[in-house]
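# A structural walkthrough
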Amino acid sequence: MAGETVITVIGNLTSDPELRFTPSGSAVANFTIASTPSVFDRQSNSFKDGETLFLRASVWKEAAENCAETLTKGVRVIAQGRLKSRSYETKEGEKRTVMELEVDEIGPSLRYASAKVTRTQRSGNGGNGGNGGFGGNAGASDGSWTPDAGNSGWGGGNSGGGWGNTAAAAGGAEPPF
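By the naming in an unreviewed UniProt entry, the chain is Single-stranded DNA-binding protein, taken from Arthrobacter ginkgonis. Listed under Subunit (unreviewed entry) in UniProt, the entry text for the chain is "Homotetramer."

### Details of the pattern of salt bridges
Opposite charge on two side chains permits them to pair, given that their charged atoms come into close proximity. Per the counting criterion, the structure on display carries seven salt bridges. Across the salt bridge formed by Glu 4 and Lys 84, the nearest N and O atoms sit 3.1 Å from each other. Pair noted here: Glu 4 is in the segment before β1 (5-13) and Lys 84 is in strand β7 (residues 76-89), with a separation of 80 residues, a long-range link. Lys 84 gets classed as partly exposed once you look at its relative accessible area, which sits at 30%. The partner of Glu 94 in a salt bridge is Arg 96, with the nearest N and O atoms 2.8 Å apart. Classification of Glu 94 by relative accessible area gives partly exposed; the value is 38%. In this structure Arg 96 comes out as partly exposed when scored by relative accessible area, which is 38%. One network of salt bridges, with partners in common, ties together Glu 4, Arg 82, Lys 84, Glu 102 and Asp 104.

### Thoughts on the nonpolar core
In this structure, Leu 13, Phe 31, Ile 33, Ala 57, Val 59, Leu 101 and Val 103 are the most contacted members of the largest nonpolar core, which totals 16 residues. Only β1, β3 (27-35), β6 (53-60), α1 (61-70), β7 and β8 (95-108) provide two or more residues apiece to this core. Among the elements that line this core, the one with the most residues is β3, at four residues. Non-local contacts of Phe 31, meaning those with residues more than four positions away in its chain, are made with Leu 13, Pro 17, Leu 55, Arg 56, Ala 57, Val 59, Cys 67, Val 103 and Ile 106.

### Focus on the packing of aromatic side chains
Each aromatic ring pair is characterised by the separation of its centres together with the angle its planes make. In total, this model carries one aromatic pair according to the counting rule given. On the numbers, 5.1 Å between centres and 65 degrees between planes, the contact of Phe 40 with Phe 47 is edge-to-face.

### Re the pairing of strand β5 (residues 46-49)
The two faces of a sheet get side chains in turn, since along a regular strand they alternate between them. Summarising the sheet, strand β4 (residues 38-41) and β5 pair through four bridges and their orientation is antiparallel. Residue Ser 38 lies in a different strand from β5, and its bridge partner there is Asp 49. With antiparallel pairing between neighbouring strands as the criterion, β4 and β5 make up a hairpin whose turn holds four residues, including Asn 45 at a positive phi of roughly 55 degrees.

### Quick word on the confidence of the model for the chain
On average, the chain scores 77 in pLDDT, and the residues at 70 or more come to 68%. Contacts for the low-pLDDT stretch residues 125-177, under 50 throughout, to residues beyond four places or in other chains number 86 contacts.

Procedures and definitions
- The residue numbering used here restarts from 1 in each chain and proceeds along that chain's sequence as written.
- Side-chain atom pairs in this predicted model are given and counted only at pLDDT of 80 or more, local residue features only at pLDDT of at least 70, and totals for whole chains, interfaces and linings cover all residues.
- Heavy atoms throughout the structure, all of them, feed into the side-chain values; hydrogens and water do not.
- UniProt positions are given in the numbering used here, feature names are shortened, and annotations may be inferred rather than shown by experiment.
- A carboxyl oxygen of Asp or Glu within 4 Å of a side-chain nitrogen of Lys or Arg is what we treat as a salt bridge.
- To qualify as a helix, a DSSP run of H or I must reach at least 4 residues; to qualify as a strand, a run of E must reach at least 2; elements of each kind are numbered from the N terminus.
- Only protein chains enter the area calculation, which uses a 1.4 Å probe; residues under 20% of their type maximum are buried, those over 50% are exposed, and those in between are partly exposed.
- Among buried residues, those of type Ala, Val, Leu, Ile, Met, Phe, Trp, Tyr and Cys that are joined through side-chain atoms within 4.5 Å constitute a nonpolar core.
- Contacts were defined at the residue level, with two residues in contact if any of their heavy atoms lie within 4.5 Å.
- Side-chain rings of Phe, Tyr and Trp (the six-membered ring for Trp) are treated as a pair once their centres are within 6.5 Å; stacked means planes under 30 degrees apart, edge-to-face means over 60, and tilted covers the remaining angles.
- Being paired, for any two strands, means DSSP has found at least two bridges between them.
- Confidence scores per residue from the predictor, reported as pLDDT, run from 0 to 100.

Next comes the structure, spelled out in structure tokens:
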């Protein structure tokens, strides 16, 4: 990724993400993020809305499916990705260039809202593998996650992959992040 312009944008979705699939089966979600800065007005001694930036964005593969299932119009998001320029020609023959965000990471902003995070279990995903990963050897027997349940924690673990929390491996709750 050397030489690419990586940016973080915080704003609201202008519509629900539009999920599509390429002919090869890869998922892609497209959406627009509206980001309005607050500008301090010295004359009125208060903050006012500045000019809104509308940025088209796309996210691919499993993240696209998660985005389409989770995010809706109006939700405030934090998106990080690579800024790309794309040139095209209109039907009238005019040449145009647009800037778009190819999203690497996206999630809801928790500044004015709360969210319940659910880790997805999709086929073909190997987890963290081996003795690494997050968590320890045990979890609460009721499936809930607590930092001191059994031998859990954030390091090591002998679960053979995934989070390293046997409660989570048995279908219980995941760590809260």
